[in-house]
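# Breakdown of the fold
In case you want the letters, here they are:
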Amino acid sequence: HLVALTPATADTAARSLRMAGRTSVIPNPPHRADPDARPVALPPGRVILGVGRLVAQKRWDRLIDVLPALPADVHLVILGEGELRPELIARAARRRVAGRVHLRGHVADPLPTMARARLVTLTSDFEGVPGVLREALSVGTPVVTTRSSESIAEIVDSPALGAIVDRDDPAALIGALTRWLDAPRPAPVQLPGTDAAARYLALFDRLT
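Let me begin by describing the structure that accompanies this report. (Residues numbered from 1 in each chain as written. Predicted model: local features only at pLDDT ≥ 70, side-chain atom pairs only at ≥ 80, totals over all residues. Heavy atoms only, no water.)

So, on to unusual backbone geometry. With phi around 55°, R18 is a residue other than glycine that occupies positive phi space. Of note, R18 is situated in the loop between α1 (7-17) and β2 (23-25). Take R18: its relative accessible area is 76%, and that puts it in the exposed class. You will see that R96, though not glycine, has its phi angle at about 60°, which is positive. As for its position among the elements, R96 is in the loop between α3 (85-94) and β5 (101-105). R96 sits in the exposed class, given a relative accessible area of 79%. (Helix = DSSP H or I, 4+ residues; strand = E, 2+ residues; numbered from the N terminus. Buried < 20%, exposed > 50% of the residue type's maximum accessible area, 1.4 Å probe, protein only.)

Turning to the sheet that holds β5, a few remarks are in order. Read from one edge of the open sheet, 6 strands run β5-β4-β3-β6-β7-β8, paired in parallel fashion. A single partner strand is all that each edge strand has here, and the edge strands are β5 and β8 (162-165). Taking the axes of each pair of neighbouring strands and ignoring which way they run, one obtains an average angle of 20° across the sheet. Bridge count for strand β3 (residues 46-51) against strand β4 (residues 74-79) is 6 bridges, and the pairing is parallel. Within β4, the position partnered with R46 by the bridge is V74. (Pairing = 2+ DSSP bridges. Axes fitted to C-alpha atoms, helices over the stretch in contact; angles between N-to-C directions.)

As a further point, take the pairing of β5. In terms of burial, β5 is largely enclosed, as 4 of its 5 residues are buried. Two elements, β4 and β5, share 4 bridges in a ladder whose sense is parallel. For L76, the partnering residue across the bridge sits in β5 and is V101. Note that the unit made of β4, α3 and β5 has a crossover that is right-handed. (Right-handed = clockwise from strand over helix to strand, strands pointing away.)

And the structure:
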């Protein structure tokens, strides 16, 4: 038996692994917020926030490359660490936006910072079921994301929550970022999975 996090990923897994009728959908339990967590210091102006490792999969270069096309008061802050830090710093310098790109390193609880950003972005080449989008929406922060997984449309399931763009469409990315920098914030979306433990136990009972 296979447990997937969303219906779309369950369908794909069932087809790929020939497990039709032997899949269940149980979302991961929500992130437990740290009551002592404090937001990361943000630069003045409007902040686009990225949360994730500094690795090739995440394609932070896409955001750095379009930053010159956005107003000068817009800054990019990324919470995460990884081997591409030197490359991203050099890229920002080549694009002449070094003063607008801020790599803050790993943060244990990004939710307070997400709540203060204008929007949260995810520009990956591929993803599974990205919790960062759900976490951003849970604090009422809109998202702009690439179409990096079939689960993306399940998470950003309303145009009021943000925008989904193709992975290699810089013009669409610029347009979506520009719009959502000043768009009204959506109402917070409740995180799924609060009953995950009970659903796993019920599944185990049924299988045994």
